[in-house]
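For reference, the chains in residue letters:
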Amino acid sequence: MLFARYHLFFGIHEFFGVFRIVRKPFVAGNWKMNLDQAGAAELVDGLLAKGLNDSVDVAVCPAFVHAASVGSRIADSVIGLGCQDVYFEAQGAFTGEISCSMLKDIGCRYVILGHSERRHVMGETDEIINKKVKVALESGLTPIVCVGETLEERESGTTMAVIESQFKGSLEGLSPEQVGEIVIAYEPVWAIGTGKVATPEQAEEVHSDLRKLLETSYNAEISAKVRIQYGGSVKPGNAADLLSQPNIDGALVGGASLKADDFAAIVTAAQS
Ligand code: PEP
């Protein structure tokens, strides 16, 4: 009963033209190119055993080859299925690629797009990411659009210029309503998989600037609605401080999502 009342709070409430921000936290695990079938099953079963409730949106993003089997294990749970990428064409002669309809068909709800490893290792441009964001939205998948600066960019004082350009390039041509459906993940490249986490203040500064960018590029309602996750060496020990910042609405978790105990502890930190 208490939970039911609590959930009614999530959403956008407008009082005299001012939007009150009540965003449901969202924690997603990016398993990257890790685990075999048995390992994926063991991890997801470990998470299911934690009995997570739906006060936080939770998703796991396994490798494509494990997505269907992980999807069936979590089908009746509060854990949603995500994938780590998708191709922008609907079907046909695109060897090695996976379409949105294939992801939908196995129950996938989320797709990570523009992850820094795809930008920097696979050479994905904002233009490609933008095409993927558009087809994902058209197919009813929720894109988790990643933006973030390298260490060199941070040290040269261009953090927000880089993020603004990735934001605008990745979201080009979307309507405000479509932008209202996405999730943004701020992931400083220097903090991903390095153990170097942004301080809560560093992360909040960028999240708050992203929130302003949403307002100036779209409108106050969209800015109040869109969830912005932080990603980059989030662990049980630093999650609570990061997630207590006003504009940090959840986490995109790499390494720590491979351990059920650690990932569940981060979800618990998001609950409070
Ligand atoms: C990620 O890959 O999105 C990520 C944040 O990784 P890690 O948590 O390992 O830094």
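Just above sits the structure.
Because the structure is predicted, anything quoted here is derived from the model rather than measured.

Caption draft 1: Highlighting the layout of surface pockets. Reported here for the largest pocket is a volume of approximately 470 Å³. Looking at the lining of the largest pocket, the elements with two or more residues in it are helix H3 (64-74) and helix H5 (116-120). For the lining of the largest pocket, the per-class residue count stands at ten nonpolar, five polar and five charged.

Caption draft 2: Representation of the side chain of Glu204 in the model. For Glu204, the location among the structural elements is in helix H10 (residues 200-217). Among buried Asp, Glu, Lys and Arg side chains, Glu204 stands out as unpaired, with Arg211 the closest opposite charge at 7.2 Å. For Glu204, the contacting residues outside a window of four places in its chain are Gln245, Pro246, Asn247 and Ile248.

Caption draft 3: View of the environment of Gly114. By the secondary structure assignment, Gly114 is in the loop between strand S6 (108-113) and H5. With 34 residues separating them in the primary sequence, Gly114 and Gly148 have C-alpha atoms 9.7 Å apart. If we skip the residues at most four places from it in the chain, Gly114 touches Arg119, Glu124, Ile129 and Cys146.

Caption draft 4: A look at empty space enclosed by the protein. Going through the model one piece at a time under the given rule, you end up with one cavity of 30 Å³ or more. When its volume is computed, the largest cavity comes out at roughly 40 Å³. Along its surface, the largest cavity is lined by Gly114, His115, Ser116, Arg119, Cys146, Val147, Gly148, Glu187, Val189 and Ile192. Secondary-structure elements contributing two or more residues to the lining of the largest cavity are H5 and strand S7 (142-147).

Caption draft 5: A look at the packing of helix H2 (residues 37-48) against helix H13 (residues 260-271). Taken N-terminus to C-terminus, the directions of H2 and H13 make an angle of 40 degrees; their axes are 9 Å apart at the nearest point. In terms of orientation, H2 lies oblique with respect to H13. The element H2 and its partner H13 pack so that their crossing is right-handed. Contacts from Leu43, Gly46 and Leu47 in H2 reach Ala260, Phe263 and Ala264 in H13.

Caption draft 6: Inspection of the sheet that holds strand S3 (residues 26-30) at higher detail. Reading around the circumference, S3-S4-S5-S6-S7-S8-S9-S10 is the order of the eight strands in this closed barrel, with parallel pairing throughout. On average, each strand axis in the sheet is inclined to that of its neighbour by 25 degrees, with strand direction left out of account. Here helix H6 (residues 126-139) sits on the sheet and contacts S6 and S7; the angle it forms with S6, its principal contact strand, is near 170 degrees. Sheet strands in contact with H10 are S7, strand S8 (183-186) and strand S9 (227-231), and its direction is about 150 degrees off that of S9.

Caption draft 7: Region of the structure containing the pattern of salt bridges. Counting across every chain of the model gives 16 salt bridges. The partner of Arg118 in a salt bridge is Glu124, and the shortest N-O contact between them spans 2.7 Å. By relative accessible area, Arg118 is classed as partly exposed at 23%. A single network of salt bridges, built from pairs that share partners, joins Asp85, Arg118, Glu124 and Lys132.

Caption draft 8: Region of the structure containing the packing of aromatic side chains. For the structure on display, the rule yields five aromatic pairs. Seen in terms of ring centroids, Tyr87 and Phe94 are 5.3 Å apart; in terms of plane orientation they differ by 45 degrees. Their pairing is tilted. One aromatic cluster in this structure is built from Tyr87, Phe88 and Phe94. When the ring centre of Phe88 is taken as origin, the NZ or CZ atom of Lys131, which lies over that ring, is 4.6 Å away.

Criteria and cut-off values
Residues numbered from 1 in each chain as written. Predicted model: local features only at pLDDT ≥ 70, side-chain atom pairs only at ≥ 80, totals over all residues. Heavy atoms only, no water. 1 Å grid on protein atoms, 1.4 Å probe; cavity = no way out; pocket = protein on both sides within 12 Å on 5 of 7 lines; lining within 4 Å. Points joined across faces, edges and corners; volume = space filled by probe spheres on them. Helix = DSSP H or I, 4+ residues; strand = E, 2+ residues; numbered from the N terminus. Nonpolar A, V, L, I, M, F, W, Y, C, P; charged D, E, K, R; others polar. Buried < 20%, exposed > 50% of the residue type's maximum accessible area, 1.4 Å probe, protein only. Lys, Arg positive; Asp, Glu negative; His and termini not counted. Salt bridge = Lys/Arg side-chain N within 4 Å of Asp/Glu carboxyl O. Contact = heavy atoms within 4.5 Å. Axes fitted to C-alpha atoms, helices over the stretch in contact; angles between N-to-C directions. Parallel < 35°, antiparallel > 145°, perpendicular 65-115°, else oblique. Left-handed = near helix turned anticlockwise from the far one by under 90°. Pairing = 2+ DSSP bridges. Phe/Tyr/Trp six-rings, centres within 6.5 Å; stacked < 30°, edge-to-face > 60°. Lys NZ or Arg CZ within 6 Å of the ring centre and 35° of its normal.

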